[in-house]
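Structure at a glance
Each chain is listed here by its residues.
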Protein chains: 2
Amino acid sequence: MKKFMNSVETMLHESLAGFAHCHRDIVTLDSDYRFVRRVEKKSGKVALISGGGSGHEPLHAGFVGYGMLDAACPGQVFTSPTPDQMIAAAEAVDGGAGVLFIVKNYAGDVMNFSLAAEMLANVETVITDDDVAVERSTHSMSRRGVAGTLVVEKVLGAAAERGDLLAALRDLGTRVNSVTRSMGVALSSCTVPAVGTPTFQIGDSEMEMGVGIHGEPGRRRVSPVMSADAIAEAIIRAIVEDIGAQSEREVLLLVNGFGGTPSFELYLMYDAARRQCAKHGLQISRSVVGNYVTSLDMAGCSITVTLLDREITTLWDAPVHTAAMRHGM
Amino acid sequence: MKKFMNSVETMLHESLAGFAHCHRDIVTLDSDYRFVRRVEKKSGKVALISGGGSGHEPLHAGFVGYGMLDAACPGQVFTSPTPDQMIAAAEAVDGGAGVLFIVKNYAGDVMNFSLAAEMLANVETVITDDDVAVERSTHSMSRRGVAGTLVVEKVLGAAAERGDLLAALRDLGTRVNSVTRSMGVALSSCTVPAVGTPTFQIGDSEMEMGVGIHGEPGRRRVSPVMSADAIAEAIIRAIVEDIGAQSEREVLLLVNGFGGTPSFELYLMYDAARRQCAKHGLQISRSVVGNYVTSLDMAGCSITVTLLDREITTLWDAPVHTAAMRHGM
């Protein structure tokens, strides 16, 4: 295992400390490393809190700031944060209008956010499960929450900023998740620092179609590696089959890198994906390409499609000022 | 070699097409793929043009837009663009106030930009050579231009936007380059698509200290891999020894990923680097962490320090709206 690190034990805290120092105009790190929160607390607004295992950066701490999250709770690598983290975060950022948890659908995250919710008043939860690859997986009893979580967090962040109430935000989050689908592919494994060896074995000519963001198995192992066009065709077809034909529908297209794939290849995949979208009559009106929901150093990417309507588009376009996403201000 | 691609021959054009489509609100791709330019040409302003071999994305096309470059000329992977590209770009974006070329110090780039300049009127050139690792290298007769080029392009872009004249911009660029130093380290090689095998061999416990952004050799091969703190200490010491002691001086600190290293590790390296800066009395007042000047899929990073003064800080903070860097608007 080759990584930039001092020790496995200190790695997460050092990375969080670096992140918080670099973006100290936007975020503050709790002194016990339980959460990252916005520098400026806004009262009267529903507080949005997300979190999950580390190793998916910039998700979630990179999305803390104006127009997106109020706090994020980082667990150890690929390990759920504990309920006390979410409780501490809620106490720090609740502005009197309640707290919305945004949780990726993994058993540990769902359980721990649920335990925290039981200890707090005025909490609602949105669970993301946008991954169409498999119906159940290593860490989840149903579909996994992956890169589409970015879209849910951005749209809800804008809605909270304009003053939407807690129940409305919960319903909107559920709706955005329901029109969002993703699927990923891995060219390499990732290596969890505390383990020290790759999460799964993959041959020099193999790829994993439908991989999860912790290296969970997908739909099938493929050899040799498919062309970019064939990968995009398979993923976009899987998404369209799942969400239903949407001819002439405007969509957001997100090509998300898993951490080890350079943007040179991600933009090439975006080009392949947009050609496939055109074949299915999808009109790409918003686009994102980059490393947003990663899997440590995994080489690979995922493609996410969100069906847009006027409300979602307006909220997507609203100003946001976070470490990893910034526009309009 | 595992990459997202359809063929080696079409890879660059497909990646550029994807980039240009994704960011069509900011850039336009020349129909012959010779350059990427701003959507909106601004007359009366000096036009800034950069370029170089591809494989370093988002440099340079990701820095085209308001407050930074007017055009970027992409060569094939790790290969200089040809003079006709720079000439076509200059003709497309010259707003009547002349053209400034910003060129990384590699023999091919310097020669081809120079040939283009001979064919054009009213052109000046700034050459970046911020890499302190080695005094001469595989592709350059003197120091290499690396991630510090980002700082030069940002500062000059803001100065051009406020109306600085050509000669003043050339002098400012030379000055910013002269107060900017970088050094990098590789944990893995990179693989040029047309070659298909890694550019250099590196063992499972080795790192290359002072590596170039094309995988050129650095100062020494080290085994085992040093701790993050030891790497940061070596790099910051090399930078400070070169630039001279600057106690209490405000600096910009850039930790740049080479493409295969996730931000989890980059922020950890930033944390290590800021502790080393503190030891040398450097006050970090501006920070950047991310993949900006990459080396295809290389795992590794570089650290850049720019000595700030009021003018450079003001220009750094000025609004910018490009694919890879955006703030203040």
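All figures in this text were calculated on a predicted structure; none of them were measured in a lab. (Residues numbered from 1 in each chain as written. Chains lettered and ligands numbered in written order. Predicted model: local features only at pLDDT ≥ 70, side-chain atom pairs only at ≥ 80, totals over all residues. Heavy atoms only, no water.)

**Quick look at the environment of M269 of chain B**
Here M269 of chain B shows up in helix α7 (residues 263-279). Distance in space between the C-alpha atoms of M269 of chain B and A232 of chain B is 7.1 Å, their sequence separation being 37 residues. When sequence neighbours within four positions are dropped, the list of residues in contact with M269 of chain B reads F4 of chain A together with A228, I231, A232, V255, C301 and I303 of chain B. (Helix = DSSP H or I, 4+ residues; strand = E, 2+ residues; numbered from the N terminus. Contact = heavy atoms within 4.5 Å.)

**Observations regarding the relation of the copies chain B and chain A**
Each copy superposes on the other: chain B lies on chain A with an RMSD of 0.0 Å after a rotation of 180 degrees and an axial shift of 0.0 Å. Such a combination of rotation and displacement between the chain copies is what one expects of a two-fold axis. Closest to the rotation axis within chain B is the C-alpha of G260 of chain B, separated from it by 2.0 Å. Mapped onto chain A, 100% of the interface residues of chain B are again interface residues, and the two copies thus contact each other with one and the same surface. (Least-squares fit on C-alpha atoms with pLDDT ≥ 70 in both.)

**Quick notes on the side chain of R143 of chain A**
Residues and elements named next belong to chain A. Tracing the sequence through the fold places R143 in the loop between β7 (123-128) and α4 (148-161). A distance of 2.4 Å separates a polar atom in the side chain of R143 from a polar atom in the side chain of D242. When neighbours within four sequence positions are excluded, R143 is seen to be in contact with N105, D129, D131, V132, V134, E135, R181 and D242. (Polar contact = N/O pair within 3.5 Å; in protein donor to acceptor, adjacent residues only side chain to side chain.)

**A word on the confidence of the model for chain A**
The predicted model of chain A averages 96 in pLDDT, with 100% of residues at 70 or higher. Reported confidences for the modelled complex are a pTM of 0.97 and an ipTM of 0.97. (pLDDT = per-residue confidence, 0-100.)

**Considering the pairing of strand β11 (residues 250-257) of chain A**
All names here are of chain A. With respect to burial, β11 is a largely interior element, seven of its eight residues being buried. Bridge analysis of β11 against strand β12 (residues 283-290) gives seven bridges, and the strand direction is parallel. Bridging across to β12, V255 finds its partner in V289. Between β11 and its parallel partner β12, the chain crosses via helix α7 (residues 263-279), and the hand of that crossover is right-handed. One ladder, built from seven bridges, connects β11 with strand β13 (residues 300-307); its direction is antiparallel. Paired with V251 across the bridge in β13 is L307. (Buried < 20%, exposed > 50% of the residue type's maximum accessible area, 1.4 Å probe, protein only. Pairing = 2+ DSSP bridges. Right-handed = clockwise from strand over helix to strand, strands pointing away.)

**Re the layout of surface pockets**
In this structure, the second largest pocket occupies an estimated 1400 Å³ of space. If you trace the second largest pocket, you find 40 residues lining it, with S188 and A299 of chain A together with S188, S189 and D297 of chain B closest to the centre. Residue classes in the lining of the second largest pocket are distributed as 15 nonpolar, 15 polar and ten charged. (1 Å grid on protein atoms, 1.4 Å probe; cavity = no way out; pocket = protein on both sides within 12 Å on 5 of 7 lines; lining within 4 Å. Points joined across faces, edges and corners; volume = space filled by probe spheres on them. Nonpolar A, V, L, I, M, F, W, Y, C, P; charged D, E, K, R; others polar.)

**As for the interface of chain B and chain A**
With 59 residues of chain B at the contact, the number on the chain A side is 59 residues. For the pair chain B and chain A, the summed buried surface comes to about 4800 Å²; carbon and sulfur atoms form 61% of the total. Three residues stand out in chain B for area buried against chain A, namely K2, F4 and F264 of chain B, and they jointly supply 22% of the buried area on that side. Along the contact surface separating chain B from chain A lie 22 residue pairs in polar contact (both at pLDDT 80 or more). A class-by-class count of the residues in the side of chain B that touches chain A yields 27 nonpolar, 18 polar and 14 charged. (Buried area = accessible area lost by both parts, 1.4 Å probe.)

**Some points on the packing of aromatic side chains**
All names here are of chain A. This structure, assessed with the given rule, holds six aromatic pairs over all chains. Relative to F113, the ring of F101 has its centre 5.1 Å away and its plane inclined at 70 degrees; by these criteria the two rings are edge-to-face. Note that F101 is positioned in strand β6 (residues 99-104) and F113 in helix α3 (residues 107-118), a separation of twelve residues in sequence. Pair check on accessibility: F101 and F113 agree, each one buried. (Phe/Tyr/Trp six-rings, centres within 6.5 Å; stacked < 30°, edge-to-face > 60°.)

**Considerations on helix α1 (residues 11-22) of chain B**
A rise of 1.5 Å per residue sets the reference length of α1 of chain B, with its twelve residues, at 16 Å; its end C-alpha atoms lie 16 Å apart and thus fit the reference within 8%. Burial of α1 of chain B is extensive: eleven of the twelve residues sit out of reach of the surface. Inspection of α1 of chain B places M11, L12, E14, S15, L16, A17, G18, F19, A20, H21 and C22 of chain B among the buried residues, and these make up the whole buried set. Elements that come into contact with the buried residues of α1 of chain B comprise α7 and β12 of chain A together with β1 (27-29), β2 (36-38), β3 (47-54) and β5 (71-77) of chain B. (Expected span 1.5 Å × (residues − 1).)

**What to know about the nonpolar core**
Residues M209 of chain A together with M209 of chain B are the most contacted members of the largest nonpolar core, which totals 208 residues. What M209 of chain B contacts, discounting residues up to four positions off in sequence, is M183, G184, V185, G218, R219, R220, V222, M226, I231, A234 and I235 of chain B. One finds A47, I87, F101 and L120 of chain A within the second-largest nonpolar core, a separate group that totals 18 residues. (Core = buried A, V, L, I, M, F, W, Y, C linked by side-chain atoms within 4.5 Å.)

**Overview of the sheet that holds strand β8 (residues 180-186) of chain A**
Residue and element names in this part refer to chain A. Taken in spatial order, the six strands make up an open sheet running β10-β9-β8-β13-β11-β12, and their pairing is mixed. In the strand order of this sheet, the two ends are held by β10 (220-222) and β12, each with one partner. The mean angle between the axes of side-by-side strands here comes to 20 degrees, regardless of whether they run parallel or antiparallel. Pairing between β8 and β13: seven bridges, direction antiparallel. Residue pairing across strands places V185 opposite C301, the latter belonging to β13. (Axes fitted to C-alpha atoms, helices over the stretch in contact; angles between N-to-C directions.)

**Quick notes on the pattern of salt bridges**
Going through the model one piece at a time under the given rule, you end up with 46 salt bridges over all chains. With a shortest N-O distance of 3.1 Å, R170 of chain B and E124 of chain B are connected by a salt bridge. With R170 of chain B in helix α5 (residues 166-178) and E124 of chain B in strand β7 (residues 123-128), the pair connects residues that are 46 residues apart, well separated along the chain. Residue class for R170 of chain B comes out partly exposed when judged on its relative accessible area of 25%. Across the salt bridge formed by D164 of chain B and R162 of chain B, the nearest N and O atoms sit 2.9 Å from each other. On the basis of relative accessible area, D164 of chain B is assigned to the buried category, the value being 16%. Each of the salt bridges in this network shares a partner with another, and the network as a whole consists of R38, K42, K45, D70 and E161 of chain A. (Salt bridge = Lys/Arg side-chain N within 4 Å of Asp/Glu carboxyl O.)

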